[in-house]
Amino acid sequence: MSKAVYAGTFDPVTNGHLDIALRASKLFDDIIIAIAEDNNKQTLFTTDERCSLVRQVTKDLPNVKVDSFSGLLVDYCREKGVGFIIRGLRVVLDFEKELQMALMNRSLYDKVDTVFLMGEALYLFVSSSQVKDAAKLGGDISNLVPPPVAKALIDKFT
Ligand code: COA
């Protein structure tokens, strides 16, 4: 059985993330969306809130589970017996960071490979930070995030 982890901060999950999760769910038997608890990032949403939002928006994908992790991602992969890490690639700028991360992860644990998926062109410009910035200033982000996330952002900022 092929298993993969799709890891990230997901603060919050966007349509771009969801598109990658959907593509990955067709390639692997089981996907764990692993939400980083402590990632040197000041998050708007708590770990529980991020998990709950990802659960709500992936509820129709039967082979996708949601979990959180702390510490090294490769230790989480080892613990779960997972050999693949999914990452989405959007623009060239992503590549350098992703290459470094993939090679570092493989250097830490040589039984893990990173699989890169190209996201939907519509969402190439979407990032969680920009979605938060726009929502905070009253911008309409409803075409960039799933409805429960749009609602959660409105609730946070009103
Ligand atoms: N669609 C939309 N946005 C996307 C995206 C996609 N397909 N892919 C990435 N992004 C955005 C995210 O929204 C995020 O935007 P932001 O920075 O504005 O918030 C940014 O790209 C990167 O986010 P993400 O993909 O969630 O990665 P991350 O850098 O937040 O998290 C971890 C990376 C958690 C996987 C990594 O830090 C990790 O493994 N940490 C654990 C510690 C560890 O093992 N360290 C050693 C690893 S080298």
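Thresholds applied
- Residues numbered from 1 in each chain as written.
- Predicted model: local features only at pLDDT ≥ 70, side-chain atom pairs only at ≥ 80, totals over all residues.
- Heavy atoms only, no water.
- Near = heavy atom within 4 Å.
- Polar contact = N/O pair within 3.5 Å; in protein donor to acceptor, adjacent residues only side chain to side chain.
- Areas by Shrake-Rupley, 256 points an atom, 1.4 Å probe, with all protein chains shown as cover.
- 1 Å grid on protein atoms, 1.4 Å probe; cavity = no way out; pocket = protein on both sides within 12 Å on 5 of 7 lines; lining within 4 Å.
- Sits in = over half its atoms within 2 Å of the grid points.
- Helix = DSSP H or I, 4+ residues; strand = E, 2+ residues; numbered from the N terminus.
- Nonpolar A, V, L, I, M, F, W, Y, C, P; charged D, E, K, R; others polar.
- Buried < 20%, exposed > 50% of the residue type's maximum accessible area, 1.4 Å probe, protein only.
- Arc of directions from axis to C-beta.
- Salt bridge = Lys/Arg side-chain N within 4 Å of Asp/Glu carboxyl O.
- Pairing = 2+ DSSP bridges.
- Axes fitted to C-alpha atoms, helices over the stretch in contact; angles between N-to-C directions.

## Quick look at the site of the ligand
Thinking step 1. If you check the shell around the ligand, you find 25 residues, and the closest are Thr 9, Lys 41, Leu 73, Ser 128 and Ser 129.
Thinking step 2. For the ligand, a nitrogen atom lies 3.1 Å from a polar atom in the backbone of Val 126.
Thinking step 3. One of the side-chain N or O atoms of Ser 128 is found 2.7 Å from an oxygen atom in the ligand.
Thinking step 4. Considering the ligand on its own, with 930 Å² of exposed area, one finds that the protein chains cover 83% of that surface.
Thinking step 5. Applying the majority rule of atoms within 2 Å of the grid points places the ligand in the largest pocket.
Thinking step 6. Contributions of two or more residues to the shell around the ligand are made by strand E1 (3-8), helix H1 (15-27), helix H4 (92-108) and helix H5 (128-136).
Thinking step 7. Tallied by class, residues from the shell around the ligand come to 10 nonpolar, 11 polar and four charged.

## What to know about helix H2 (residues 47-57)
Thinking step 1. Of all the residues in H2, the buried ones are Thr 47, Arg 50, Cys 51, Leu 53, Val 54 and Val 57. Down the axis of H2, the sector holding all buried residues measures 165 degrees, keeping them to one side.

## Structural notes on the pattern of salt bridges
Thinking step 1. Considering all chains together, one arrives at 10 salt bridges under this definition.
Thinking step 2. As a salt-bridge pair, Arg 23 and Glu 120 come within 3.6 Å of each other at their nearest N and O atoms. Of this pair, Arg 23 sits in helix H1 while Glu 120 is found in the loop between strand E5 (113-118) and H5, placing the two residues 97 residues apart along the sequence.
Thinking step 3. Judged by relative accessible area, Arg 23 falls into the partly exposed class, the value being 33%.

## Section: the sheet that holds E1
Thinking step 1. Here five strands make up an open sheet; going across it, the order is E3-E2-E1-E4-E5 and the pairing parallel. Taken across any chain shown, the strands that pair with only one partner, and hence form the sheet edges, are strand E3 (64-69) and E5. Between one strand axis and the next, the sheet turns through 35 degrees on average, direction left out of account.
Thinking step 2. One ladder, built from six bridges, connects strand E4 (residues 84-89) with E5; its direction is parallel. From the neighbouring strand, Phe 84 faces E5, where its bridge partner is Asp 113.

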